[in-house]
Each structure stands twice: as C-alpha cells, then as structure tokens.
Amino acid sequence: MKNLPFSNLACMALTTFFALAITSPVWSETKANQLFGAKLKGSNQPVNPIGSYAKGCIAGGVLLPESGPTWQAMRLSRNRNWGHPVLIDFLIDLSQKAKELGWAGLYIGDLSQPRGGPMTSGHTSHQIGLDADIWMLPPERLDLTRQEREDISSISIRTTDQKNVNENWTDTHMNLLRATSEDPRVDRIFVAAAAKIRMCEQAGDDRMWLQKIRPYYGHNYHFHIRLKCPETAANCITQTPTVNELSKGGDGCDENLAYWVSDYFLDLLKKPPDPNAPKPRHVRDYVMADLPEECETVLNSP
Ligand SMILES: [Zn+2]
C-alpha cells in the first residue's frame, strides 16, 4: 500500500530502462525486476511456478479477469493481476464466499507480474503466482472504473499504535479470514498482529483455523494469502512449516503473538537502521543469476 505513489513513476522509469537493457552488453547485470516488470503478458508455456515465493518466477501465468460478479482487481496500471490458474480459481471462489458472508464481494490487490519474478516496488514475495492481497475495504460497488481503482484507497483495521483493531474491523473480516484459512489450497495468511489477537480472543473452542493465520507487520490495509505449491508443480519450493505448525494443536495465540504488539518490538520498528550495518541484499537487487535457471527461459519465451 505504501508504495502506491511510486507505481506510475516506476512504470515510466521501467520503459526507459528496458529500452536500454536491450542494447546493453551487460544484460546479466540488469536487475531482474526491470526485466520481469517489462513483460506485459504471461509466457506461452505450460503453467509452472518455479522457485520460492520470494525468489522465483512463473511460466504460463494467467490473468485474473479485471472484474467479475463478485470481485474487482484494483490498481490495474500495475499489471499485477496475474497468477497460477489455481490462484485465480481460488480468488474467484473466495469472492463468492465473501458474498455469502455479507459483502458485495472482494477488492483484490496485487497477485504477481505476468511472469512473476521480483517487482520494481513493494513486495518481496508474490514472485511465483501463488500470493495475493485482499483489501480490508468491503466493496460498496463492483462497477468501479479503471480510474476509480487507481484513486480509492483501502482502510486500515487497526489503531495507529498497532496494538488493537479499530472501528473498521468487523465480524465479517474474521469470518472471511476463517473461510480463507479453512480452504485446503491455502498455506498461510499474513495479517496485522492486532487482528490475530482479536480473533484469538473471539474464536472459542473451534480454533484450529487460526494456525494458518500469521501476524506480520503492515498488513492492516490488506491481508495476504499464500497458496501451497500445487501438487503437479515440481519446481515450486514449499515453505518449511513454522514452529506453530509443528507443535501439536498450536493455534499461534501465544507469547510470540503478544511480542508483535509489545512496546519492545514496536520501538524496534521505529528505530532508524544502523547506517554502518551491512545492508541485506534485497530482491530488488537480484539479477537473473540469483533466480532459478529456468526463469531465463520464462523471461525469453514468446
Ligand atoms: Zn502481499
């Protein structure tokens, strides 16, 4: 969300950059996000997610239709409504579920670029067509124009001190997150810690669905859904389960969750980074050699 103002700029910069890249002898040093960001369509290959959620690409990605009876894709200028067909089917199913739960449907944020890969702005993951962001804003209308989808913003469901949900949080948010979690295609969901804490308090005895819901900073304007590698996807790297998944019956409503809203942790987030500390390598610095070898073919396919 916070990268919104940069998307148009990034788009212009990218066009210029790609023109340079074609003629440049240092192709191998061109940033992978510039190369993948310049692709306007999925590759004409059998569908195949390659690598891991934060280091990979997708062959044969398909487009989530811009609008349907129960959904609208937002920020179309970004061209990030591409993904694995399993993800597209899942999102359409979830938007129907949202309608059953009382919303008009869903406003759907970023999936992946047409061929996945690292992005010019925003996410570290969303690289193999199996991640998607769902806006916290319940749709009032599902006939927004392209321009309206650029202009309107989502809503935050937590207080500015990050410790509690605010008045925007509703039971329908909880029911929607529960329905998402109970879908066997879903691996995990990221949401602001305050939302998970509230759901832990309200869940009652039937609470195993909370296990897949992970607290994460940000994720107050949208929640993030990550699907498992589909069974046939031999090149897709499944994530290691977290401790909560391994410990029998762990629903994640424990001291680790409380840590996310502790003063200690929230103060750490506010601290400026140590200027002398070595900078971790960001996905935006990746070159093609950082990605799985097969991604070169995905990039160069018609
Ligand atoms: Zn996301």
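Keep in mind it's a predicted model, so treat the numbers as computed, not measured.

A. Just the overall build of the chain, in detail. Each helix and strand counted, the chain has 10 helices and 11 strands in total. For the chain, the proportion of its 302 residues judged to be buried stands at 49%. When contacts within the chain are restricted to residue pairs at least 6 apart in sequence, long-range pairs at least 24 apart make up 75% of them. Surface exposure of the chain reaches about 14900 Å², of which carbon and sulfur atoms provide 55%.

B. Region of interest: the pattern of salt bridges. On inspection of all chains with the given rule, the structure shows 17 salt bridges. Measuring nitrogen to oxygen at the nearest pair gives 3.5 Å for the salt bridge that ties R146 to E66. Placement of the pair is R146 in helix 4 (residues 146–151) and E66 in the loop between strand 3 (62–63) and strand 4 (67–68), with a sequence separation of 80 residues. Across the pair R141 and D143 runs a salt bridge, and its minimum N-O distance is 2.8 Å. On the basis of relative accessible area, D143 is assigned to the exposed category, the value being 53%. Each of R78, R80 and D110 takes part in a single network of salt bridges with overlapping partners.

C. Spatial organisation of helix 6 (residues 193–202). The element helix 6 is largely enclosed, with a buried count of 7 among its 10 residues. Of the positions making up helix 6, those classed as buried are A193, A194, A195, K196, I197, M199 and C200. Those residues of helix 6 that are buried lie in contact with helix 5 (171–182), strand 9 (186–191), strand 10 (213–215) and helix 8 (255–259). Positioned one or two residues after helix 6, G204 has a phi angle of 75 degrees, which is positive.

D. Structural context of the pairing of strand 11 (residues 222–227). The element strand 11 is largely enclosed, with a buried count of 6 among its 6 residues. Of the pairings in the sheet, the one linking strand 8 (residues 131–135) to strand 11 comprises 5 bridges and is antiparallel in character. If you follow D133 over to strand 11, its bridge partner there is H224. Of the pairings in the sheet, the one linking strand 9 to strand 11 comprises 4 bridges and is antiparallel in character.

E. Seen up close, the environment of V186. Assignment of secondary structure puts V186 in strand 9. Residue V186 is classed as buried on the basis of its relative accessible area of 0%. As a C-alpha pair, V186 and L87 span 99 residues in sequence and 9.5 Å in three-dimensional space. Residues in contact with V186, not counting those within four places in the same chain, are F90, T180, K212, I225, R226, L227 and K228.

F. The nonpolar core, seen in detail. M199 and F223 are the most contacted members of the largest nonpolar core, which totals 48 residues. Of all the secondary structure elements, the ones that give two or more residues to this core are strand 5 (71–73), helix 3 (85–100), strand 7 (106–108), strand 8, helix 5, strand 9, helix 6 and strand 11. Aside from chain neighbours lying at most four places away, what touches F223 is A132, D133, I134, M136, L176, L177, T180, I189, F190 and V191. Listed in part, the 13 residues of the second largest apolar core include Y286, M288, L291 and L299.

G. Expanded view of the packing of helix 3 against helix 5. Interhelical geometry of helix 3 versus helix 5 gives an angle of 145 degrees and a closest axis separation of 10 Å. At the point where helix 3 passes helix 5, the crossing takes the right-handed sense. Counted together, F90, L94, K97 and A98 of helix 3 and L176, A179 and T180 of helix 5 form the full contact between these two elements. Among the residues making up the contact of helix 3 with helix 5, the classes are represented as 5 nonpolar, 1 polar and 1 charged.

H. Quick look at the state of the cysteines. The tally for this structure, following the rule as stated, stands at 3 disulfides. Across a sulfur-sulfur distance of 2.0 Å, C229 and C236 are joined as a disulfide pair. For the disulfide bridge between C229 and C236, the dihedral angle about the S-S bond is near -75 degrees, and by the sign convention the bridge is left-handed. Considered together, C229 and C236 belong to a single accessibility category, that of buried residues. Of note for the chain: the bonded cysteines, numbered N- to C-terminal, pair according to 1-6, 2-5, 3-4.

What counts and how
- Residues numbered from 1 in each chain as written.
- Predicted model: local features only at pLDDT ≥ 70, side-chain atom pairs only at ≥ 80, totals over all residues.
- Heavy atoms only, no water.
- Helix = DSSP H or I, 4+ residues; strand = E, 2+ residues; numbered from the N terminus.
- Buried < 20%, exposed > 50% of the residue type's maximum accessible area, 1.4 Å probe, protein only.
- Contact = heavy atoms within 4.5 Å.
- Areas by Shrake-Rupley, 256 points an atom, 1.4 Å probe, with all protein chains shown as cover.
- Salt bridge = Lys/Arg side-chain N within 4 Å of Asp/Glu carboxyl O.
- Pairing = 2+ DSSP bridges.
- Core = buried A, V, L, I, M, F, W, Y, C linked by side-chain atoms within 4.5 Å.
- Axes fitted to C-alpha atoms, helices over the stretch in contact; angles between N-to-C directions.
- Left-handed = near helix turned anticlockwise from the far one by under 90°.
- Nonpolar A, V, L, I, M, F, W, Y, C, P; charged D, E, K, R; others polar.
- Disulfide = S-S within 2.5 Å.

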